[in-house]
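One-letter residues, chain by chain:
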Amino acid sequence: MTSNMAALRSVSLRLSRISRCSNRIIVCRRSLSEQTSADGSDKEGDDERRTHFGFESIAEGDKTGKVHEVFSNVASKYDVMNDAMSLGVHRLWKDQFMQVLDPLPGTRLLDVAGGTGDIAFRFVKWMKYKQQQKQKASEGSEFRLNPLESDEPGSATDFPSAEDYLYREDQKDATDSDDKKDSKVVVCDINQDMLEVGKKRAKKRGLENDLTWVTGNAEELPFPDNSFDAYTIAFGIRNVTHIEKALCEAYRVLTPGGRFLCLEFSQVDNPLISSVYDLYSFQVIPVLGELIVGDWKSYQYLVESIRNFPNQEDFAQMIQAAGFRMVTYNNLTYGVAAIHSGFKI
């Protein structure tokens, strides 16, 4: 018993030292970034609005371009890195995310920042299962394998403009009654490199006719009011410059009764788990980025951006401030990630 207690004390002391060391690294990096940014802002003038890019402070107008560059750099290996960084756990999180959404037949989903298609593919699979169940329940009813139709599949790099998308939707609305509309999913992403990866993945899965791919900014969505029954965004909202604008846009495009659902990295409350998580994030993930993608800086940014994102309660308040009601959240893996939900009522 005495030897066991001594061993536990030794482990506790080592973890405490690791935590202090990790915290010092984070504080030093933040201080260095703040000092560099302060020196730069003295030259640029005090009236320029600033925002964060990881731990670095930059002009607001520069963030979209910098984030675009990050995801263009990692697009080809994005899914491989997700598996490597999370040891595959991100797949379980996304499965649970779709279970929480639990879409009904006829649901019109907008998946924002969903470039590589992980959420959209799950939605299509879920809806096909629902269609199969409906088919079994009503004999003789027509069953369509692919609930979505596309007149012009296009090439891997041919993404429709907002005008093209809206024209097609107007044509469909003119011929379909409300009770016969098929489920549909629109993937909207600002980065065409990510969309291209997603479209290639869809083709490999035989789902190229089940999804619509649209380039667009989460802060200025190219869709009319009350267009979708559900809005999802997974690991994307922390990268937008103005989170409040993105939330307001989500509220605008949802129909009354529509649901907002967000999967995002969040804050770990347990001090022991938090210290190990910080150590892994700052010391391992950038190294994996360098080894697998050949890009240390992009994954350094991704790690730092998580630390700048609001915690669970603060983000829930932001969602409510955008107009959503019945706002709740559910922690995943001790708060490493969280699912936030809200309804347009």
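Only a predicted model underlies this, so the values are computations on that prediction, with no experimental measurement involved.

**Q** Any details on the overall build of the chain? Residues and values, ideally.
**A** Across its full length, the chain holds 12 helices and 9 strands. The 345 residues of the chain split such that 46% are buried. With an accessible surface of roughly 18,000 Å², the chain has 52% of that area assigned to carbon and sulfur atoms.

**Q** Any chance you could break down the side chain of aspartate 189 for me, citing the residues and the numbers?
**A** Inspection of the secondary structure assignment puts aspartate 189 in strand β4 (residues 184-189). Although aspartate 189 is buried, it forms no salt bridge, and the closest oppositely charged side chain is arginine 201 at an N-O distance of 11 Å. Reaching out from aspartate 189, the side chain makes a polar contact with the backbone nitrogen of glycine 115 at a distance of 3.0 Å. Setting aside anything within four residues of it in sequence, one finds aspartate 189 in contact with Ala113, Gly114, Gly115, Met194, Leu195, Val214, Thr215 and Gly216.

**Q** Describe a nonpolar patch on the surface, naming the residues involved and giving the relevant values.
**A** A cluster of nonpolar side chains, namely Val287, Leu291 and Trp296, defines an oily patch on the protein surface of about 300 Å² accessible area. Overall, valine 287 belongs to the partly exposed group, its relative accessible area being 32%.

**Q** Quick one: what's the story with the pairing of strand β6 (residues 228-234), residue by residue and with numbers?
**A** The buried count for β6 comes to 6 of 7 residues, which makes it a mostly enclosed element. Pairing analysis gives 4 bridges linking strand β3 (residues 108-112) to β6, with the strands arranged parallel. In the strand pairing of β6, leucine 109 is matched with alanine 230. In the sheet, β6 pairs with strand β7 (residues 254-265) via 6 bridges, with the strands oriented parallel. In the sheet register, tyrosine 231 faces β7, and the bridge partner there is phenylalanine 260. Once you follow β6 into helix α8 (residues 243-253) and on to β7, the crossover reads as right-handed.

**Q** Break down unusual backbone geometry for me, citing the residues and quoting the values.
**A** The backbone of alanine 113 shows a phi angle near 60 degrees, a positive value even though the residue is not glycine. Mapped onto the secondary structure, alanine 113 falls in the loop between β3 and α5 (118-137). Judged by relative accessible area, which is 31%, alanine 113 ranks as partly exposed. Even without being glycine, tyrosine 334 reaches a positive phi, approximately 65 degrees. By the secondary structure assignment, tyrosine 334 is in the loop between β8 (325-332) and β9 (337-343).

**Q** Please give an account of the environment of asparagine 331 that cites residues and values.
**A** Inspection of the secondary structure puts asparagine 331 in strand β8. Given the relative accessible area of 34%, asparagine 331 is considered partly exposed. As a C-alpha pair, asparagine 331 and serine 266 span 65 residues in sequence and 8.3 Å in three-dimensional space. In this view, asparagine 331 contacts Gln312, Ala337 and Ala338; residues no more than four positions away in its chain are not counted. Among the polar contacts listed, one links the side chain of asparagine 331 to the side chain of glutamine 312, at a separation of 2.9 Å.

**Q** Just give me the short version of helix α12 (residues 312-321), but keep the residues and values in it.
**A** Those residues of α12 that sit buried are Gln312, Phe315, Ala316, Met318 and Ile319. End-on, the buried residues of α12 take up no more than an arc of 155 degrees, which puts them together on one face. Against the buried residues of α12 lie α8, β7, β8 and β9. Structurally, the start of α12 carries an N-cap: the backbone nitrogen of glutamate 313 is 3.2 Å from a side-chain oxygen of asparagine 311.

**Q** Describe the nonpolar core, naming the residues involved and giving the relevant values.
**A** Where a protein is soluble and globular, its nonpolar side chains tend to be buried together. Residues Trp93, Val185, Leu211, Trp213, Phe235, Leu263 and Phe265 are the most contacted members of the largest nonpolar core, which totals 31 residues. Counting only elements with at least two residues in this core, the list comes to α4 (89-101), α5, β4, α7 (192-204), β6, β7 and β9. Of the residues forming this core, the biggest block, 6 residues, is contributed by α5. For phenylalanine 235, the contacting residues outside a window of four places in its chain are Trp93, Lys94, Leu263, Glu264, Phe265 and Ala337. Counting residues in hydrophobic clusters, the runner-up holds 27 residues, among them Val112, Phe260, Cys262 and Met318.

**Q** Can you tell me about the packing of aromatic side chains, naming the residues and giving the values?
**A** By convention here, two paired aromatic rings are described through the distance between centres and the angle between planes. By the definition in use, this model includes 8 aromatic pairs. For the ring pair tyrosine 231 and phenylalanine 260, a centre distance of 5.5 Å and an interplane angle of 25 degrees mean the geometry is stacked. Here tyrosine 231, found in strand β6, pairs with phenylalanine 260, found in strand β7; they are 29 residues apart in sequence, far enough to count as distant. Tyrosine 231 gets classed as buried once you look at its relative accessible area, which sits at 1%.

**Q** Quick rundown of helix α3 (residues 78-86)? Include the residues and the values.
**A** All of the buried residues along α3 are Tyr78, Asp79, Met81, Asn82, Met85 and Ser86. For α3, the buried positions fall inside an angular range of 160 degrees around the axis, keeping them on one side. Positive backbone phi, at 55 degrees, marks leucine 87, one or two positions downstream of α3.

Basis of the calculations
- Residues numbered from 1 in each chain as written.
- Predicted model: local features only at pLDDT ≥ 70, side-chain atom pairs only at ≥ 80, totals over all residues.
- Heavy atoms only, no water.
- Helix = DSSP H or I, 4+ residues; strand = E, 2+ residues; numbered from the N terminus.
- Buried < 20%, exposed > 50% of the residue type's maximum accessible area, 1.4 Å probe, protein only.
- Areas by Shrake-Rupley, 256 points an atom, 1.4 Å probe, with all protein chains shown as cover.
- Lys, Arg positive; Asp, Glu negative; His and termini not counted.
- Salt bridge = Lys/Arg side-chain N within 4 Å of Asp/Glu carboxyl O.
- Polar contact = N/O pair within 3.5 Å; in protein donor to acceptor, adjacent residues only side chain to side chain.
- Contact = heavy atoms within 4.5 Å.
- Patch = residues over 30% accessible without salt bridge, like charges linked within 9 Å, V, L, I, M, F, W, Y side chains within 5 Å.
- Pairing = 2+ DSSP bridges.
- Right-handed = clockwise from strand over helix to strand, strands pointing away.
- Arc of directions from axis to C-beta.
- Core = buried A, V, L, I, M, F, W, Y, C linked by side-chain atoms within 4.5 Å.
- Phe/Tyr/Trp six-rings, centres within 6.5 Å; stacked < 30°, edge-to-face > 60°.

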